[in-house]
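An overview of the molecular structure
So the chains spell out like this:
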Amino acid sequence: YFPILCCLAYLPALHLATSGLFSSVLLGCRDSTRGQQAVSDILARGKGKIAPTTEIKYLPLTVGDEASHEQFRQAVEDQYGKLDCLVNNAGFAFKGADPTPFAQQCKPTVDINFRGTVDLTETLLPLLRKGTDARIVNVASMSGHLSQIRSAELRSEITSRALTMNRLRELVDEFEADVMAGRHSEKGWGNSNYGLSKLALIAATKIMAREEAANGIKVNCCCPGYCDTDMTSHKGPRAPEEGALNAVLPATMENCPSGEFFSNMKVAEW
């Protein structure tokens with residue numbers, strides 16, 4: 001295998017760097033200080049486990065910024081020519097106590113967790129199509145469960161094998177418009193911006209899996225669980241080292257399926 005990209009995914013990157021499968025591990029991060037620190041931490045924690053020939057490198061990347069996506073793609077193409085694995089771990093969530101009105105929380109949440117992640121992935125697809133046994137892993141969440149959608153008609157469309165990425169984008173746009181108008185509940189949506197953003201990412205995973213099957217790319221998503229991280233205000237009971245393994249499994253396993261949702265180290269129901 002050749003390079004793998006993790007978007008500020010410190011622990012998945014550590015596991016992948018020590019797997020012996022990749023000659024280069026690239027961390028995309030919008031904060032250069034944190035990105036460089038993550039590289040240092042990986043090298044320190046992986047000492048004796050990371051092969052001397054394995055490169056760990058930070059590259060600037062702001063998920064949700066199309067210009068940044070293209071600059072990143074160009075840098076990877078110039079330096080490596082291909083990409084074997086992409087782990088999308090960038091995420092955004094408002095804290096429960098945040099005073100920002102629900103409607104104002106919608107756009108920034110779906111912009112990063114769905115729109116930005118999908119755009120980045122599509123920008124990098126030409127490099128992944130050149131990869132060896134290429135994999136894409138989208139870090140989603142159990143919050144993206146299908147049952148949050150109250151409308152049976154919406155659930156049916158979202159789970160249809162005929163669903164396209166363009167139509168999924170339209171549905172997310174409709175959700176945002178309904179939230180802004182205060183009518184999302186009566187339209188049959190759920191009541192969580194974060195949950196919908198992750199549901200859309202799971203749906204996008206399944207679409208990409210169908211579309212990229214002919215190119216040999218395996219596309220899966222996962223839920224790391226409720227982990228002890230900054231995002232959960234360190235309230236999660238699961239160690240982040242354990243949660244990260246749910247992303248590592250579909251990135252490294254033999255006979256990998258595609259279009260699946262992994263949770264607790266196995267394929268789970270959406």
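Residues numbered from 1 in each chain as written. Predicted model: local features only at pLDDT ≥ 70, side-chain atom pairs only at ≥ 80, totals over all residues. Heavy atoms only, no water.

1. Things to note about the overall build of the protein chain
Applicable threshold: Helix and strand definitions follow DSSP, with helices as H or I runs of at least four residues and strands as E runs of at least two, each counted in order from the N terminus. Each residue's exposure class comes from its accessible area (1.4 Å probe, protein chains only) as a fraction of the maximum for that residue type: buried when under 20%, exposed when over 50%, partly exposed otherwise. Only heavy atoms matter for contacts: two residues are in contact if any of them lie within 4.5 Å across the pair. Exposure was quantified through the Shrake-Rupley algorithm and a 1.4 Å probe, taking into account, for residues, occlusion by the shown protein chains and nothing else.
Counting secondary structure elements, the protein chain contains eight helices and eight strands. Relative to its 270 residues, the protein chain shows a buried fraction of 48%. In the protein chain, of all internal contacts separated by at least 6 residues, the share reaching a separation of at least 24 is 70%. For the protein chain, the accessible surface area stands at approximately 12200 Å², while carbon and sulfur atoms represent 50% of it.

2. Brief notes about the state of the cysteines
For clarity, the cut-off: Our working definition of a disulfide is a cysteine sulfur pair at a distance within 2.5 Å.
A full pass over the atoms with the stated rule returns zero disulfides. No disulfide involves Cys 221; its sulfur sits 7.2 Å from the nearest other cysteine sulfur, which is in Cys 222. Free of any disulfide, Cys 223 has its nearest neighbouring cysteine sulfur in Cys 222, separated by 7.3 Å. A residue is classified by how much of its surface remains accessible, and Cys 223, at 5% relative accessible area, is buried.

3. Focus: the pattern of salt bridges
For clarity, the threshold we go by: For this analysis, a salt bridge means a side-chain nitrogen from Lys or Arg found within 4 Å of a carboxyl oxygen belonging to Asp or Glu.
Taken as a whole and judged by the stated rule, the model has 15 salt bridges. Between Asp 111 and Lys 107 there is a salt bridge, with the nearest N and O atoms lying 3.1 Å from each other. Remark: Lys 107 and Asp 111 occur in helix H4 (residues 102–128); sequence separation between them is four residues, near one turn of the helix. The exposure class of Asp 111 is partly exposed, given its relative accessible area of 23%. In this structure, Glu 212 engages Arg 129 in a salt bridge whose closest nitrogen and oxygen atoms are separated by 2.7 Å. Note that Glu 212 is positioned in helix H7 (residues 193–212) and Arg 129 in the loop between H4 and strand S5 (135–139), a separation of 83 residues in sequence. Residues joined by salt bridges that share partners form a network here, namely Lys 107, Asp 111, Arg 115, Asp 173 and Glu 176.

4. Considerations on the packing of H4 against helix H6 (residues 165–180)
Working note: a packed helix pair is described by the angle between its axes plus the distance between those axes. Note the threshold: Axis lines are fitted through C-alpha atoms, for helices just across the contact stretch, and the angle between N-to-C directions can take any value from 0 to 180 degrees. Note on angle classes: values under 35 degrees are labelled roughly parallel, values over 145 roughly antiparallel, values of 65 to 115 roughly perpendicular, and the remainder oblique. It is the rotation of the near helix from the far one that decides the hand of a crossing: anticlockwise by less than a right angle makes it left-handed, clockwise makes it right-handed. Note on residue classes: Ala, Val, Leu, Ile, Met, Phe, Trp, Tyr, Cys and Pro are nonpolar, Asp, Glu, Lys and Arg are charged, and everything else, Gly too, is polar.
Between H4 and H6, whose axes approach to 9 Å, the crossing angle comes to 170°. With respect to each other, H4 and H6 are oriented roughly antiparallel. In terms of crossing hand, the pair formed by H4 and H6 is left-handed. In this structure, H4 uses Phe 102, Ala 103, Gln 104, Cys 106, Lys 107, Val 110, Phe 114, Arg 115, Val 118 and Glu 122 to contact H6, whose residues at the interface are Met 165, Leu 168, Arg 169, Val 172, Asp 173, Phe 175, Glu 176, Val 179 and Met 180. Per-class residue counts for the contact of H4 with H6 are twelve nonpolar, one polar and six charged.

Read these as geometric descriptors, not functional statements.
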